[in-house]
Amino acid sequence: MSEPGLFKRSIAELIGTYVLVFLGTGSVVTTVLLIQGTSSIPGNTFNVGIDIAAWFAIGIAFGLAIIAMIYAFGHISGTHINPAVSIALWATGRFPAKDMLGYIIAQLIGASLASFTIVAILGSRAVATGLGATGMFDGVSYGQAILCEAVATFFLMLTIMGSAVDKRAPSGFAGLAIGLVVAADIIVVGNITGSSLNPARTFGPYLAEFVMGGTNFWWQFPIYIVGPIVGALVAALLYDFVAGTKEAS
């Protein structure tokens, strides 16, 4: 198979630099805003009680969970664990339409059961915390939230395509790469939209919170459908174009 042309290789460099600068400098901006939010600066409500160390811990927890599940079930189901990923793989001809509905239903059920299990273990005090439901933070508009989720999911899907889908990728590292990019996404944009990147991840807490008499977050759910799906589709289609993976198949 021939090497991609200069134009495609240049696009790959453009995307890679974009991801680097967004996540790298984004982490600086987020840290500064969080630190400022703890001071007496009038009108600054960016800090909602979670500091940068806590965001780091949350990001690592999600990342480790994804790493573990990819290595546990990647050879069985592909470990999509995300409707946006399943849809993107279907759109690029890598996942059969007949299986997609079953995967998405399973993902939604799994996320919901996890949230209800947390309530069963911790009781009403867990509901009072919002069950980790994702939502727009102060000063973020609906459109900005959708864009944020789309960009962050783009990074995730791009990593999936390059490390797990493309057969030319070094074997054995997909789980680590995917888990780490999720952790980076959460650290940078967690204080903007909650960094869902995944309609199922948002659906589960929303459902359990609503059923158990907590906050009704459903008016924000379109953010976590449109953003992740658009981001995943753009990443998958763009990767195929740049890497020539569909041409080689």
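Note that the structure is predicted; figures quoted are calculated from it, not measured.

### A short note on the packing of aromatic side chains
At step 1: For the structure shown, the criterion picks out 12 aromatic pairs.
At step 2: Here Tyr206 and Phe217 contribute two aromatic rings whose centre-to-centre distance is 5.4 Å and whose plane-to-plane angle is 20°, an arrangement assigned as stacked. Of the two residues, Tyr206 sits in helix H8 (residues 199–211) while Phe217 sits in the loop between H8 and helix H9 (223–243), which places them 11 residues apart along the sequence.
At step 3: Between Tyr206 and Trp218, the ring centres sit 5.5 Å apart and the planes meet at 85°, which makes this aromatic pair edge-to-face. In this pair, Tyr206 is assigned in helix H8 and Trp218 in the loop between H8 and H9, connecting sequence segments 12 residues apart.
At step 4: An aromatic cluster is present here, built from Phe203, Tyr206, Phe217, Trp218, Phe221 and Tyr224 joined pairwise through their rings.
At step 5: The lysine or arginine in question, Lys8, covers the ring of Phe241, its NZ or CZ lying 5.0 Å from the ring centre.

### Observations regarding the packing of helix H6 (residues 142–165) against H9
At step 1: Interhelical geometry of H6 versus H9 gives an angle of 40° and a closest axis separation of 6 Å. Between H6 and H9, the crossing angle belongs to the class labelled oblique. In this structure, H6 crosses over H9, and the sense of that crossing is right-handed.
At step 2: Of the residues belonging to the contact of H6 with H9, the class tally is 18 nonpolar, four polar and two charged.

### A short note on the pattern of salt bridges
At step 1: As enumerated under the stated definition, the model contains three salt bridges in all.
At step 2: Two residues, Arg94 and Asp240, come together in a salt bridge whose shortest N-O distance is 2.6 Å. One end of the pair, Arg94, is in the loop between helix H3 (83–91) and helix H4 (97–122); the other, Asp240, is in helix H9, with 146 residues separating them in the sequence.
At step 3: When its relative accessible area of 29% is taken as the criterion, Arg94 is described as partly exposed.
At step 4: Judged by relative accessible area, which is 8%, Asp240 ranks as buried.

### Regarding unusual backbone geometry
At step 1: A positive phi angle, close to 40°, is found at Ile81, a residue other than glycine.
At step 2: Backbone geometry places Ser195, a non-glycine residue, at a positive phi of 50°.
At step 3: Relative to the assigned elements, Ser195 resides in the loop between helix H7 (174–193) and H8.

### Quick word on the packing of H3 against H6
At step 1: Where H3 meets H6, the axes come as close as 11 Å, and the angle between the chain directions of the two elements is 60°. In this view, H3 runs oblique relative to H6, as classed from their interaxial angle. Along this stretch, H3 crosses H6, giving a crossing that reads as right-handed. Contacts between H3 and H6 involve Val85, Ala88 and Leu89 from the first element and Met157, Ile160, Met161 and Val165 from the second.
At step 2: Within the contact of H3 with H6, the residues separate by chemical class into seven nonpolar, no polar and no charged.

Reading the values: rules and limits
Residues numbered from 1 in each chain as written. Predicted model: local features only at pLDDT ≥ 70, side-chain atom pairs only at ≥ 80, totals over all residues. Heavy atoms only, no water. Phe/Tyr/Trp six-rings, centres within 6.5 Å; stacked < 30°, edge-to-face > 60°. Helix = DSSP H or I, 4+ residues; strand = E, 2+ residues; numbered from the N terminus. Lys NZ or Arg CZ within 6 Å of the ring centre and 35° of its normal. Axes fitted to C-alpha atoms, helices over the stretch in contact; angles between N-to-C directions. Parallel < 35°, antiparallel > 145°, perpendicular 65-115°, else oblique. Left-handed = near helix turned anticlockwise from the far one by under 90°. Nonpolar A, V, L, I, M, F, W, Y, C, P; charged D, E, K, R; others polar. Salt bridge = Lys/Arg side-chain N within 4 Å of Asp/Glu carboxyl O. Buried < 20%, exposed > 50% of the residue type's maximum accessible area, 1.4 Å probe, protein only. Contact = heavy atoms within 4.5 Å.

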